[in-house]
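Chain by chain, the residues run as shown.
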Amino acid sequence: MITIINGPNLNLLGKRQPEIYGSQTFESFLPKLREQFPDTPIEYFQSNSEGEIIDKLHHLGYSSSECKGIVINPGAYAHYSYAIADAIASISTPVVEVHISNITSREDFRKKSVTAPFCKGIISGCGLFGYNMAVSFLLSL
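Chemist: So what about the overall build of the protein? Which residues, and what values?
Modeler: What the protein contains, in helices and strands, is 5 helices and 5 strands. The N-to-C order of helical and strand elements in the protein reads β-α-α-β-α-β-α-β-β-α. With respect to the principal axes defined by its C-alpha atoms, the protein has extents near 40 × 35 × 25 Å. By residue count, 48% of the 141 residues in the protein fall in the buried class. For the protein, the proportion of contacts with a sequence separation of at least 24, taken over those separated by at least 6, is 76%. Carbon and sulfur atoms form 52% of the exposed surface of the protein, whose accessible area is close to 6700 Å². Here the protein contributes 11 positively and 13 negatively charged side chains, and the mean placements of these two sets differ by 4 Å.

This is the structure we're talking about:
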């Protein structure tokens, strides 16, 4: 199983700033992603709460033997949540960070991710296709 964790405001994909994040909802994208990987169960979790994201990472890293990898889009938490960074660092389950937009071409505060150094890799600026690439990478490990 691969688990996708989306952070704050990603429940608004397709509505919020479509010029940056696109016009497709994650709920309409997810079935297509699952079709691409029919032999791999893909679990989806979204929260606007930092604590819930940390709890999910802890559960996947310490209590779930089924999870083989995590794709995380921490949203704005990527830029300042040392608590999420610590949670990622504390687990051995491989994590790939995804950003729909190219964070290096955006506002200065978005250019650095404090969570990325604890991930196996980071994919930024490829739209929703970044999730496909992250799942492919995790399956190749």
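Anyway, onward from the coordinates.
Chemist: Any details on the sheet that holds strand β5 (residues 121–124)? Residues and values, ideally.
Modeler: Adjacent strands of a sheet pair through backbone hydrogen bonds, lying either parallel or antiparallel. What the 5 strands build is an open sheet, ordered β2-β1-β3-β4-β5; its pairing is parallel. Sheet topology places β2 (42–46) and β5 at the edges, where each strand pairs with a single neighbour. In this sheet, neighbouring strand axes are inclined to one another by 20° on average, regardless of whether the strands run parallel or antiparallel. Packed on one face of the sheet, helix α2 (residues 26–36) meets β1 (2–6) and β2 and runs near 160° to β2. Contacts between helix α5 (residues 129–140) and the sheet are confined to β1, β3 (69–73), β4 (95–99) and β5, with β3 contributing the most and set at about 155° to the helix.

Chemist: Account for the pattern of salt bridges, with residues named and values stated.
Modeler: Inspection of the entire model under this criterion finds 4 salt bridges. Arg 106 is the salt-bridge partner of Glu 107, the closest N and O atoms lying 3.7 Å from each other. The class of Glu 107 is partly exposed, set by a relative accessible area of 38%. By relative accessible area, which is 14% here, Arg 106 ends up buried. Of the charged contacts in the structure, one is a salt bridge between Asp 108 and Lys 111, with a shortest N-O distance of 3.5 Å. Overall, Asp 108 belongs to the exposed group, its relative accessible area being 64%.

Chemist: Explain unusual backbone geometry residue by residue, including any values.
Modeler: Even without being a glycine, Asn 9 presents a positive backbone phi close to 70°. Assignment of secondary structure puts Asn 9 in the loop between β1 and α1 (18–21). According to the relative accessible area criterion, Asn 9 is partly exposed, its value standing at 34%. One non-glycine residue with positive phi stands out, namely Gln 17, at about 40°. Note on placement: Gln 17 falls in the loop between β1 and α1.

Rules used throughout
Residues numbered from 1 in each chain as written. Predicted model: local features only at pLDDT ≥ 70, side-chain atom pairs only at ≥ 80, totals over all residues. Heavy atoms only, no water. Helix = DSSP H or I, 4+ residues; strand = E, 2+ residues; numbered from the N terminus. Buried < 20%, exposed > 50% of the residue type's maximum accessible area, 1.4 Å probe, protein only. Contact = heavy atoms within 4.5 Å. Areas by Shrake-Rupley, 256 points an atom, 1.4 Å probe, with all protein chains shown as cover. Lys, Arg positive; Asp, Glu negative; His and termini not counted. Charge placed at Lys NZ, Arg CZ, Asp CG, Glu CD. Pairing = 2+ DSSP bridges. Axes fitted to C-alpha atoms, helices over the stretch in contact; angles between N-to-C directions. Salt bridge = Lys/Arg side-chain N within 4 Å of Asp/Glu carboxyl O.

Any functional reading would require information beyond the geometric quantities listed.
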